[in-house]
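Tertiary structure, described
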Amino acid sequence: MLRTSVSRCFQATNTALRSFSSGKDNLPVTRSHEAKKIDVNDILETKSPKVPVNVSSDETMDIGGVPSAHQEARTARIFRPAREATQSPWGNTKLWRIELDNRQRWENPLMGWSGTADPLSNVSMDLKFATKEDAIAFCEKNRWEFDIEEPHERQIKPKNYGQNFAWNRRTRIGTK
Amino acid sequence: MQRIVRGVATKAQQQRQLSAAANAPKKVEVFIDGKKILVDPGMTILQACALVGVDIPRFCYHDRLSIAGNCRMCLVEVEKSVKPVASCAMPVMNGMKVKTNSDFVRKAREGVMEFMLNNHPLDCPICDQGGECDLQDQAVAFGSDRGRLQSRLDGKRAVEDKDIGPLVKTVMTRCIQCTRCVRFANEVAAFPDFGTTGRGQDLQIGTYVEKFFASEMSGNIIDICPVGALTSKQYAFVARPWETRKTESVDVLDATGSNIVLTHRTGELLRVIPKINDDINEEWIGDQSRFAVDGLKVQRLLTPMIRGADGQLKPASWEEALFTVAAKLRETSAEQKAAVVGGLNDVESLVALKDLFNRFNSENVMTEEEFPETSGGSDIRANYIFNDGIANVENADAILLVGTNPRFEAPTLNARIRKSFLYSDVQIGVIGSESELNYDYDYLGASAKAIDDVLSGKGEFAKTFANAKQPLIIVGAQALKGEAGAAILGKLQQLADKLSAGKNVQVLNVLQRWAGQTGALDVGYKAGTAALRKTPVKFLYLLGADEGKVNKSNLDPQAFIVYQGHHGDAGAQIADVIFPGAAYTEKDGTYVNTEGRSQRGYPAVSPPGEARVDWKIIRAVSEVAGKSLPYNDLKEIRQRLNEIAPHLARYRDIEPSPFIKQALQLAQTSGSIDVDVSPALRELADYYQTNVISRNSRSMAQAKKAALENKENPYAEAPIHARL
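Note that the structure is a prediction, hence the values are computed from the model and not measured.

What counts and what doesn't
- Residues numbered from 1 in each chain as written.
- Chains lettered and ligands numbered in written order.
- Predicted model: local features only at pLDDT ≥ 70, side-chain atom pairs only at ≥ 80, totals over all residues.
- Heavy atoms only, no water.
- Helix = DSSP H or I, 4+ residues; strand = E, 2+ residues; numbered from the N terminus.
- Buried < 20%, exposed > 50% of the residue type's maximum accessible area, 1.4 Å probe, protein only.
- Contact = heavy atoms within 4.5 Å.
- Areas by Shrake-Rupley, 256 points an atom, 1.4 Å probe, with all protein chains shown as cover.
- Lys, Arg positive; Asp, Glu negative; His and termini not counted.
- Charge placed at Lys NZ, Arg CZ, Asp CG, Glu CD.
- Axes fitted to C-alpha atoms, helices over the stretch in contact; angles between N-to-C directions.
- Parallel < 35°, antiparallel > 145°, perpendicular 65-115°, else oblique.
- Left-handed = near helix turned anticlockwise from the far one by under 90°.
- Nonpolar A, V, L, I, M, F, W, Y, C, P; charged D, E, K, R; others polar.
- Pairing = 2+ DSSP bridges.
- UniProt positions renumbered as here; feature names shortened; annotations may be inferred.
- Patch = residues over 30% accessible without salt bridge, like charges linked within 9 Å, V, L, I, M, F, W, Y side chains within 5 Å.
- Salt bridge = Lys/Arg side-chain N within 4 Å of Asp/Glu carboxyl O.
- pLDDT = per-residue confidence, 0-100.
- Domains from an automatic or database assignment.
- Buried area = accessible area lost by both parts, 1.4 Å probe.
- Polar contact = N/O pair within 3.5 Å; in protein donor to acceptor, adjacent residues only side chain to side chain.
- Disulfide = S-S within 2.5 Å.

1. Points about the overall build of chain A
Counting secondary structure elements, chain A contains 5 helices and 6 strands. Starting at the N terminus and ending at the C terminus, chain A contains elements arranged as α-α-α-β-β-β-β-α-β-α-β. By the burial criterion, 24% of the 176 residues in chain A qualify as buried. For chain A, restricting intrachain contacts to residue pairs at least 6 apart in sequence, the fraction spanning at least 24 positions comes to 55%.

2. What about the overall build of chain B?
Summing up its helical and strand segments, chain B has 25 helices and 27 strands in all. By its C-alpha atoms, chain B is 90 × 80 × 55 Å across when sized along the principal axes. When burial is assessed residue by residue, chain B has 60% of its 724 residues classed as buried. For chain B, the share of sequence-separated contacts (at least 6 apart) that also reach a separation of at least 24 residues comes to 70%. Here chain B displays about 28600 Å² of accessible surface, and carbon together with sulfur accounts for 51% of that area. Counting 87 positive and 89 negative side-chain charges, chain B places the centres of these two groups 5 Å from one another.

3. Some points on the packing of helix α3 (residues 103-118) of chain B against helix α4 (residues 134-142) of chain B
Residues and elements named next belong to chain B. Here α3 crosses α4 at 135°, and the two axes come no closer than 10 Å. Classified by the angle between their axes, α3 and α4 sit oblique to one another. Crossing of α3 over α4 shows left-handed handedness. On the side of α3, the interface is formed by Arg109, Glu110, Met113, Met116 and Leu117, while α4 contributes Leu135, Gln138, Ala139 and Phe142. By residue class, the composition of the contact of α3 with α4 is 6 nonpolar, 1 polar and 2 charged.

4. Brief notes about the pairing of strand β12 (residues 268-274) of chain B
Summarising burial for β12 of chain B: 6 of the 7 residues are buried, a large majority. The antiparallel pairing of strand β11 (residues 259-265) of chain B with β12 of chain B creates a hairpin that spans 2 residues between the two strands, and threonine 266 of chain B there sits at a positive phi of about 45°.

5. Some details on the UniProt feature "domain: 4Fe-4S His(Cys)3-ligated-type" (unreviewed entry) in chain B
Feature annotation in UniProt places "domain: 4Fe-4S His(Cys)3-ligated-type" (unreviewed entry) on residues 104-143 of chain B, given in this structure's numbering. Across residues 104-143 of chain B one finds 60% helix and 0% strand; the C-alpha atoms that close the span lie 14 Å apart.

6. Thoughts on a nonpolar patch on the surface
A contiguous nonpolar patch, built from Leu110, Met111 and Trp113 of chain A and spanning about 420 Å² of accessible area, is present on the exposed surface. Structurally, methionine 111 of chain A is set in the loop between β3 (105-107) and β4 (114-116).

7. Observations concerning the confidence of the model for chain A
Mean pLDDT for chain A: 80, with 81% of residues reaching 70 or above. Per-residue pLDDT stays below 50 along residues 12-17 of chain A; that stretch engages in 1 contact with residues further than four places along the chain or on separate chains.

8. A look at the domain arrangement of chain B
Assigned domains within chain B: domain 1 (11-118), domain 2 (305-369 + 517-649) and domain 3 (377-511 + 655-666). Measuring from the centre of the C-alpha atoms in domain 1 of chain B to the corresponding centre in domain 3 of chain B gives 40 Å.

9. A word on the side chain of serine 378 of chain B
All names here are of chain B. For serine 378, the position within the fold is in the loop between β16 (365-367) and β17 (398-402). On the basis of relative accessible area, serine 378 is assigned to the buried category, the value being 16%. Leave out the neighbours within four places in its chain, and serine 378 touches Phe371, Pro372, Tyr384, Leu521 and Tyr525.

10. What about the sheet that holds strand β15 (residues 337-341) of chain B?
Neighbouring strands of a sheet are bound in pairs by backbone hydrogen bonds; such pairs are parallel or else antiparallel. Residues and elements named next belong to chain B. Strand order across the open sheet formed by 8 strands is β14-β13-β25-β24-β23-β15-β16-β22, with mixed pairing between neighbours. Two strands in the sheet have a free side with no partner beyond their single neighbour: β14 (313-315) and β22 (526-527). Two elements, strand β13 (residues 305-307) and β14, share 3 bridges in a ladder whose sense is antiparallel. Among the inter-strand pairings, methionine 305 is bridged to a residue of β14, identified as proline 315. Where helix α9 (residues 318-331) meets the sheet, its contacts fall on β13, β15, β23 (539-543), β24 (560-565) and β25 (577-580), and the angle it forms with β25 comes to roughly 125°. Across the sheet, helix α19 (residues 614-624) touches β23, β24 and β25, and the angle it forms with β23 is around 160°.

11. Examining the interface of chain A and chain B
The interface of chain A with chain B comprises 50 residues on the first partner and 67 residues on the second. Summed over both sides, the interface between chain A and chain B buries roughly 5100 Å², with carbon and sulfur atoms accounting for 45% of that surface. Taken together, chain A and chain B are joined by 5 salt bridges. Linking chain A with chain B are 26 residue pairs in polar contact (both at pLDDT 80 or more), by the criterion used here. At the level of elements, β1 (75-79), β3 and β6 (145-148) of chain A are the ones that each hand at least two residues to the side of chain A that touches chain B. It is β3 of chain A that provides the largest number of residues to the side of chain A that touches chain B, a total of 3 residues. Here the side of chain A that touches chain B is composed, by residue class, of 14 nonpolar, 18 polar and 18 charged.

12. Digging into the sheet that holds strand β21 (residues 508-511) of chain B
Residue and element names in this part refer to chain B. The parallel open sheet is built from 5 strands, whose spatial order is β19-β18-β17-β20-β21. Two strands in the sheet have a free side with no partner beyond their single neighbour: β19 (442-443) and β21. In this structure, strand β20 (residues 471-476) lies alongside β21, joined through 4 bridges in parallel fashion. Bridging from a neighbouring strand, isoleucine 473 pairs with leucine 508 of β21. Contacts from helix α15 (residues 482-500) reach β17, β20 and β21, with the element oriented near 170° to β20.

13. Thoughts on the packing of helix α10 (residues 347-359) of chain B against helix α20 (residues 634-644) of chain B
All names here are of chain B. At a minimum axis distance of 10 Å, the contact between α10 and α20 shows a crossing angle of 75°. Here α10 lies roughly perpendicular to α20, going by the angle between them. Across the interface between the two elements, Val347, Glu348, Val351, Ala352 and Asp355 from α10 touch Ile637, Arg638, Arg640, Leu641 and Ile644 from α20. Residues belonging to the contact of α10 with α20 are distributed by class as follows: 6 nonpolar, no polar and 4 charged.

14. Comments concerning the pattern of salt bridges
Overall, the coordinates contain 56 salt bridges over all chains when judged by the stated rule. Two residues, arginine 103 of chain A and aspartate 101 of chain A, come together in a salt bridge whose shortest N-O distance is 3.5 Å. Given a relative accessible area of 33%, arginine 103 of chain A falls into the partly exposed group. Several salt bridges converge on common partners, so that one network encompasses Lys157 of chain A together with Glu282, Glu394, Arg416 and Lys419 of chain B.

15. Overview of the state of the cysteines
All names here are of chain B. For the structure on display, the rule yields 0 disulfides over all chains. Among the cysteines around cysteine 74, which has no disulfide bond, cysteine 88 carries the closest sulfur, lying 3.7 Å off. Using a relative accessible area of 2% as the deciding quantity, one classes cysteine 74 as buried. As a non-bridged cysteine, cysteine 178 has cysteine 181 as the owner of its nearest cysteine sulfur, 6.0 Å distant. Judged by its relative accessible area of 7%, cysteine 178 falls in the buried class.

16. Concerning a negative patch on the surface
Residues and elements named next belong to chain B. Among the surface-exposed residues, Glu160, Asp161, Asp163 and Glu210 lie close enough to one another that they form a single negatively charged patch. Among the structural elements, glutamate 160 can be located in the loop between α5 (151-154) and β6 (168-170). Judged by relative accessible area, glutamate 160 falls into the exposed class, the value being 67%.

17. Quick look at the side chain of asparagine 438 of chain B
Residue and element names in this part refer to chain B. Within the secondary structure, asparagine 438 sits in the loop between β18 (427-431) and β19. Given a relative accessible area of 2%, asparagine 438 falls into the buried group. A distance of 3.4 Å separates polar atoms of two side chains, one belonging to asparagine 438 and the other to glutamate 216. Reaching out from asparagine 438, the side chain makes a polar contact with the side chain of arginine 407 at a distance of 3.4 Å.

Structural data, given as C-alpha cells:
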C-alpha cells in the first residue's frame with residue numbers, strides 16, 4: 001500500500017519534472033492543502049511476531065548448488081598430522097585436519113603450473129579444527145563421507161645425560 | 001590419653017602414605033613457566049617442558065638418540081641458578097622453577113644463535129633444506145636482526161664436502177656440529193666409522209677416510225640433520241616444502257608396513273619420508289623404502305598390451321584386452337585356471353581376484369611366497385604372523401633368529417633389536433647365516449637342526465633362552481617352505497609352547513618378507529605355487545607376480561597368461577595380455593603387515609598413462625566375462641573385505657591370533673630338519689634390489705654398486721660381530 005502510494009507520487013513528480021524541463025510556462029503546482037494526512041499505522045500492515053527462520057544446513061546444501069559429485073561422492077579423512085621427521089618442533093601436530101580423496105593433478109605444459117579438475121583439492125590446506133568433533137560436524141555439513149584416523153600419540157620416555165656413561169651399556173662407543 | 005591415640009593414628013597414616021609412595025613411582029614437582037607439573041624423576045627439563053606442550057628450541061637433542069648437550073640452543077632459566085641451563089641435559093629436581101621465555105633466556109639463545117650463524121653460510125636460496133630447516137626457523141624466532149661477524153676480516157668457515165655414497169649429499173660448510181648424524185650412525189645404524197675429527201671451529205663430521213656410508217638406514221641422517229648439511233641426492237634441487245603436498249601412507253617394500261609420508265607436486269611423486277609411529281617404525285625407514293621410489297617412474301606398463309601372432313607384445317585398447325581375457329576365462333575349464341599373486345598387492349585387489357576365480361568355480365589362487373601346507377599351515381593365523389608385535393621386541397630378554405636376516409628383511413625391526421641390545425641385557429642367537437646384524441649374537445649354525453639343541457637345552461644359549469622371562473623366536477618366512485619348512489615350524493611351535501608356559505608372550509613370530517603376504521593368507525590364498533606344477537594350467541592370471549616362481553615350463557604349452565601389475569618385469573615378459581595396474585603410491589589400498597596389523601595406504605598421484613587401480617581392472621574383467629562382482633566403488637569393496645575378515649576394516653590395530661595351542665596340536669614334528677636355513681639376503685649389496693620397484697630404481701642400483709665397491713675398500717671397518 002505504501003509502495004503504491006509512493007510510486008504514484010513519483011509518477012506525479014515525473015510528469016511534473018517532464019513538464020518542468022519541456023518549457024518554462026508549465027511550472028509545477030503544489031497543492032499542499034489538498035494533501036491528506038494518513039496515519040502511519042494505516043499504511044503498515046499489522047505486526048506479526050518475529051520468528052527465526054530455520055534453514056537447516058541440509059537445506060543450504062540442497063539449494064547451494066554444490067554438485068552431488070562433490071558431496072556424498074567425496075570421502076574425507078579426519079586426522080592429526082604427524083610431526084614431520086625433517087623438523088623437530090611439534091607445533092603442527094596439534095590441530096585436526098581434513099583431507100579429501102586425492103584426485104588427478106597435472107602440470108601445465110607451458111608454465112609448469114599445477115592444475116586439477118577438482119574444486120575441493122585445496123580444502124585440506126587451510127581447514128584446521130580444534131577438535132575431532134568439529135571436523136566431523138564440518139564433514140557432515142558438507143555431506144562428505146569421512147574416516148577418522150586416530151593419531152599416534154607421542155611417547156616421552158625419561159632419559160638423561162648420565163646414560164652416556166652407564167656401565168650397563170653394551171658398547172661404550174663415544175658419540176662424538 | 002587423647003594425645004597418644006592421635007599419635008598412633010598419625011603413624012598409621014604415615015605408613016599408609018609410605019606404602020602408597022612405594023608402589024607408585026615418586027613424582028617430582030616442577031614449575032614450567034609457572035605451570036605446575038608432576039614428572040618422573042630422571043627426566044630432563046626439556047622432556048618436562050614437552051609434557052606441558054612447551055617446545056624448547058634445539059639442534060643437537062633428538063628424541064630417539066642419546067643426549068649430547070653441545071648445541072646450547074635449549075638454554076632455559078632456572079630459578080636460583082646464576083647461569084642459563086641446558087635443558088636437554090639437566091635432570092629435573094623437586095621444586096624446580098623453570099622459565100622458558102624470559103628476557104634472560106631470550107638473550108642467551110640470541111647469543112648462541114649468533115655464534116651458530118657466524119659459521120653458517122648464507123646459502124638458504126640454494127639449500128635443499130630451505131623451508132624445512134630448523135636453523136632457519138629458529139633464527140627467525142630467536143636470532144638477532146644483526147650479527148657482529150666481520151667476514152671481511154675474519155672470513156667465513158668453509159669445509160670440504162665428503163663423499164659418503166650415492167644416496168646422501170653432503171654440504172659440510174652448512175654443518176653446525178650437532179652430531180645427531182654421528183649418534184645415529186653409532187647407535188641406530190651401527191656404522192661406527194662416522195665420527196668427528198678436530199676441535200672447536202675445526203671440528204668436522206665424516207668418516208676420516210672417505211668411504212661409503214654402508215648402512216641400510218643411511219637415509220635417516222637426511223631427516224635428522226637440522227640444517228642442509230646432509231640432504232638427499234635424489235631430491236636435490238627438486239622442490240620446496242611449501243609447494244608440495246603430503247600424503248600420509250604405508251610403505252610396501254618390506255613386510256613391517258612402515259608409515260611414510262609421500263611428498264608430491266603436480267601429480268609427480270618427489271620423495272618419501274618416514275611418518276612417526278612408535279608401534280612400527282618409530283621414526284626411521286630403510287633406504288629401500290625411501291629411495292626406491294624413483295623406480296616407479298621407469299619401466300612402467302602404460303597401456304594394455306596383447307601378444308600378436310608374431311610373438312610381439314603390442315599396445316591395445318582396454319576393450320580389446322578385456323574381451324580377449326574374458327573370452328579365455330570363460331572357455332577354460334575351472335581346474336585349468338589358476339592365479340598367482342606377488343608380494344606388493346593390496347588386499348582389495350586380492351579379494352577381487354579371488355572372488356572372480358570363485359565365480360568361475362576355481363579355488364586355484366596362490367601366492368608366490370611359500371608357506372608349509374601341513375602342520376596347520378596358513379589355516380591358523382597364529383602360524384604366519386608376528387604374534388608378539390614389533391614393539392615388544394624391545395621388552396624381550398632373549399631372541400632367537402631362525403633363517404632370517406632382519407637387518408635387510410625389516411631394517412626398522414632390526415633397529416629395535418639393536419636398541420634392545422644396546423640398552424638391555426638381551427641375548428641373541430642366530431640359526432642361519434653368520435652375517436653382520438648390527439649386534440653381537442651367538443651363532444648356532446646354518447642348519448635348522450640347531451633348533452633341536454635349543455629344544456633339548458644343549459649349549460649356553462639354549463640355557464639362557466630357557467630361563468628367559470620374555471623369550472622371542474623370529475623365524476623368516478623364507479625358512480618355512482616345503483616339507484622341511486613344515487617340520488621347522490612344528491619344532492619351533494614345540495619350543496615356543498615350552499617357553500611360553502606361564503608367561504604373557506606367544507614367543508613364535510614369523511617375519512614375512514612381502515607386504516602383501518599376510519593379507520593374502522588372511523583372505524584365503526594358498527601359499528606357494530606347488531599346485532601349479534601338479535596339473536598344468538591353461539589360463540594363468542598373474543597379479544604382480546614378478547619373482548619368476550612361475551615360468552612357461554611349469555604350464556601347459558598352450559597356456560594363456562595374463563599379467564596385471566605396474567612394471568614390465570619377469571611377469572610381463574611371459575604374458576599374452578598385459579593389464580597396466582597401479583603401484584602403492586597410486587591407489588587406495590589396505591595392507592596387513594607381518595604383525596597382522598591392517599593399515600591403509602592412500603594415493604598420492606594417479607596411475608600413469610592408461611593404467612588403472614587394480615581391483616577395478618579385475619571388476620571390469622568380471623563384468624565382461626559375464627559374472628559381475630557385486631561392488632562398484634571403494635566403499636563397497638571395503639564392505640566385502642569386512643565380510644570376509646573384519647580385522648581388515650579395523651585399521652591401525654593388531655588383530656590378535658588365538659588358537660596357538662591348536663596349532664601346536666596340528667604341528668608336524670617328524671621329518672628331517674637338517675636343512676640350511678641361511679637367508680638370501682646376507683650382505684648390504686643384497687639389500688637394495690629385492691622387488692620389482694627397487695630393481696628398476698636407479699638410485700638403488702647405484703647404492704648396490706657402492707656397497708659392492710665398499711667390500712673392496714681396505715679401510716672399511718670390521719663388522720661389529722667380528723670386533724666384539
